[in-house]
Amino acid sequence: MFVHSSNRLECLVDALADVVGAAPLDPLLPETIVVEGRGIERWLGRCLADRLGVWANAQFPFPRSFLRRAFAVVLDGEGDHLADPFDPDTLAWSVAAALLRLRTRPAFAPIAGYLDVQPGAGALLALSRRIARTLDQYLVYRPEWIAAWDDGRDDHWQAILWREVAAGRSGRHVAARAAAFMRKIDAADLGPLPPRVCLFGLSTLAPLYLECFAALARRREVHLFLQSPSSHYWGDIRSKREVLRDRRRRGAAADDAATEILAAAGNPLLASLGGAGRDFQADLVGRVNFEDREAWDAPKPDTLLHTLQHDVFHLLDRRAAGQQKVRRDPADESIQFHACHGPLREVQVLHDRLRDLFEQDATLQPHDVVVLCPEIDTYAPLVEAVFGAGGAGEDAAAPAAIPFRVADRRVRERDELVDAFL
């Protein structure tokens, strides 16, 4: 496996363009780039078109869907047309039926108590969907638990429930198929699989999936384009909360807690918010043999944002003795916080700030801007209302509307016909 590391996404796009441009595939074979969101797919397609001149015939599967296809090729000798009986949306119905059958057993007393307090089919289905999603996470992140439950070990309610819903379809779930895939890939016919697979924009990857891609790399060219905020290894850094929790577990004295926190944290922001990336880096180093190709771009601490990036890049904690404190320039607006009374006001302030940025910088274009939010289905109608209301209209002097596109929405939220049908 080839791992391309950089702290800048633009550098990773350049590296991806070099990979696909230096050794083009047969024009009839699609380039396969594994992503984790449709937003990054659209952005990546535009960037590659800018760099290569022409960009066409590409597939952008999600990690799970690509591996599902790879499992089918190696284990079944066929495509991925078979339905997944362990898909969470499908599994929820089996869970609901099993809970009705098993709720009288002593091990299911907590479940029965909850359903007695929350009677009705709605509560049962809501609980079943949540349990199905949890079991799906166990399949990916705790495959050893699932293997133990399949073998009849453990008798708590989750293990019993799993055996009930998995009866008659054992071996079809992702944990079992991943293990079989890694055993058989070296001797399998991989004809239907692409000759090259690139993984781009993945902030994290389940260890099970990572091992499957590493196994595939023994037979196919696999490139992982990994964005890392620091050029140093930071798989061992710990947040203040993790240090204190570990100290309580060890029964350590509190007198040297501050010194241990400073020594363990590296950069406090990265330690507190970078847990998923830290674990991914540790898994990558510990589980995969790879060739690293680096393209770092060290930030210069000239603005508040660049100073923050500089400190994270070098794992620098300015609370430590002898470190220079940051003096903020009042004119520096590279980082801003806006307190708004609701989502609609947030979108209105965003619109006004973007308008101001475009007026200040004539080189700034709408496609240079990405806006991130935690619940896109909540904000999408507000974005369409606020940004869609711009434009000249009857006033020729009014500024043009800011063009926008909302990505990663669920089909039900963006299609009224689908919503009405469901």
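See above for the structure.
Residues numbered from 1 in each chain as written. Predicted model: local features only at pLDDT ≥ 70, side-chain atom pairs only at ≥ 80, totals over all residues. Heavy atoms only, no water.

1. Observations concerning the environment of R64
Piece 1. Tracing the backbone shows R64 in helix 3 (residues 63–76).
Piece 2. Not counting residues up to four positions away in its chain, the partners in contact with R64 are D84, F86, D136, V140, V174 and Y209.
Piece 3. In this structure the side chain of R64 is engaged in a polar contact, spanning 2.6 Å, whose partner is the side chain of D136. (Helix = DSSP H or I, 4+ residues; strand = E, 2+ residues; numbered from the N terminus. Contact = heavy atoms within 4.5 Å. Polar contact = N/O pair within 3.5 Å; in protein donor to acceptor, adjacent residues only side chain to side chain.)

2. Considering the layout of surface pockets
Piece 1. As a volume, the second largest pocket reaches approximately 910 Å³.
Piece 2. Taken together, 16 residues make up the lining of the second largest pocket; nearest its centre are F62, D408, R409, R410 and V411.
Piece 3. Contributing elements (two or more residues each) for the lining of the second largest pocket: helix 2 (38–52), helix 17 (376–388) and helix 18 (411–414).
Piece 4. It is helix 18 that provides the largest number of residues to the lining of the second largest pocket, a total of three residues.
Piece 5. Classifying every residue of the lining of the second largest pocket by side-chain character gives four nonpolar, no polar and twelve charged. (1 Å grid on protein atoms, 1.4 Å probe; cavity = no way out; pocket = protein on both sides within 12 Å on 5 of 7 lines; lining within 4 Å. Points joined across faces, edges and corners; volume = space filled by probe spheres on them. Nonpolar A, V, L, I, M, F, W, Y, C, P; charged D, E, K, R; others polar.)

3. Focus: a nonpolar patch on the surface
Piece 1. Together, L269, L273, L305 and L308 give the surface a local cluster of nonpolar side chains, amounting to about 330 Å² of exposed area.
Piece 2. Elements with a contribution of two residues or more to the nonpolar patch: helix 13 (268–273) and helix 15 (304–313).
Piece 3. Within the secondary structure layout, L273 lies in helix 13. (Patch = residues over 30% accessible without salt bridge, like charges linked within 9 Å, V, L, I, M, F, W, Y side chains within 5 Å. Areas by Shrake-Rupley, 256 points an atom, 1.4 Å probe, with all protein chains shown as cover. Salt bridge = Lys/Arg side-chain N within 4 Å of Asp/Glu carboxyl O.)

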